[in-house]
Amino acid sequence: RKVWLKSGGYIVIDHTEALTAIDVNTGRFVGKTDQRETALRTNLEAARVLVDQLRLRNIGGLIIIDFIDMEHADDRKAVLAALNDALKGDKARATILGLSELGLVEMTRQRTRESLTQRLCEPCPTCGERGHVKAVATTAYEILRRIRREATMNGAVQRIEVTLHPTVAAFLAQHEPAALREIERELGLKVATRHAEGGTPADYVVLAVLAQEAAR
């Protein structure tokens, strides 16, 4: 949700059913001369970073950007120009409706496919689906990648011990029944799994047991 800028400022990205809101904040950044410089530099950096985030997350539809207030028209023009320049490298078609005196930009961006949040997450059951949590499928495939990484980065590994949520284990059994056996065959080791007691589907532990440790 929060993306830090190199200057010490940050942007906050929130999703609603109707639109995506992006708020720009100065954070820890304090300009060398005055508040005007701080606002301008933070907004210029944020314009480039937020466009990168739109592409990375594949955010489309209506987007409202709340830049830090700028009193001078020249500053607003500079930020709007930086935003337009950053969008030139974006393959998705975007339309900007201008920048107000209060620093608000209303824009639209073409939807090309599901957003990253829609692809990798699911509504959070704890907060009444107001937020999102990592999807069970996302966690399952993350575990498979983690097993391979642990097996190849820890020397002579004899087995991998995986503690995972029962729902994630059920997903692997249903959708990837041969995945763990294939890893065992390919890497020449044993993968042992056990269900976690409590926690959420996103919680898991992958532990590499070295040959000398197993022999003790």
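Only a predicted model underlies this, so the values are computations on that prediction, with no experimental measurement involved.

> Can you tell me about the pattern of salt bridges, naming the residues and giving the values?
Counted according to the given criterion, the structure contains 12 salt bridges. With a closest N to O distance of 3.9 Å, Lys-88 and Asp-85 form a salt bridge. On the basis of relative accessibility, which here comes to 48%, the residue Asp-85 falls in the partly exposed class. Between Arg-185 and Glu-182 there is a salt bridge; the shortest N-O distance is 2.6 Å. Placement of the pair is Arg-185 and Glu-182 together in helix H6 (residues 179-187), with a separation of 3 residues, close to one helical turn.

> Let's hear about the pairing of strand E11 (residues 204-210): which residues, and what values?
Buried residues dominate E11, accounting for 5 of its 7 residues. In this structure, strand E9 (residues 157-164) lies alongside E11, joined through 7 bridges in antiparallel fashion. Looking at E11, one finds that Val-162 is bridged to Val-206.

> Tell me about the sheet that holds E9, and name the residues and values.
Ordered in space as E10-E9-E11, the 3 strands form an open sheet in which the pairing is mixed. Of all strands in the sheet, those with a lone pairing partner are strand E10 (190-195) and E11, marking the two edges. Taken pair by pair, the neighbouring strands of this sheet meet at an average axis angle of 20°, ignoring direction. This element, helix H4 (residues 136-153), spans E9, E10 and E11 of the sheet and lies at about 20° to E11. Of the strands in this sheet, E9 and E10 touch helix H5 (residues 166-175), which is tilted by about 120° from E9.

About the thresholds
Residues numbered from 1 in each chain as written. Predicted model: local features only at pLDDT ≥ 70, side-chain atom pairs only at ≥ 80, totals over all residues. Heavy atoms only, no water. Salt bridge = Lys/Arg side-chain N within 4 Å of Asp/Glu carboxyl O. Buried < 20%, exposed > 50% of the residue type's maximum accessible area, 1.4 Å probe, protein only. Helix = DSSP H or I, 4+ residues; strand = E, 2+ residues; numbered from the N terminus. Pairing = 2+ DSSP bridges. Axes fitted to C-alpha atoms, helices over the stretch in contact; angles between N-to-C directions. Contact = heavy atoms within 4.5 Å.

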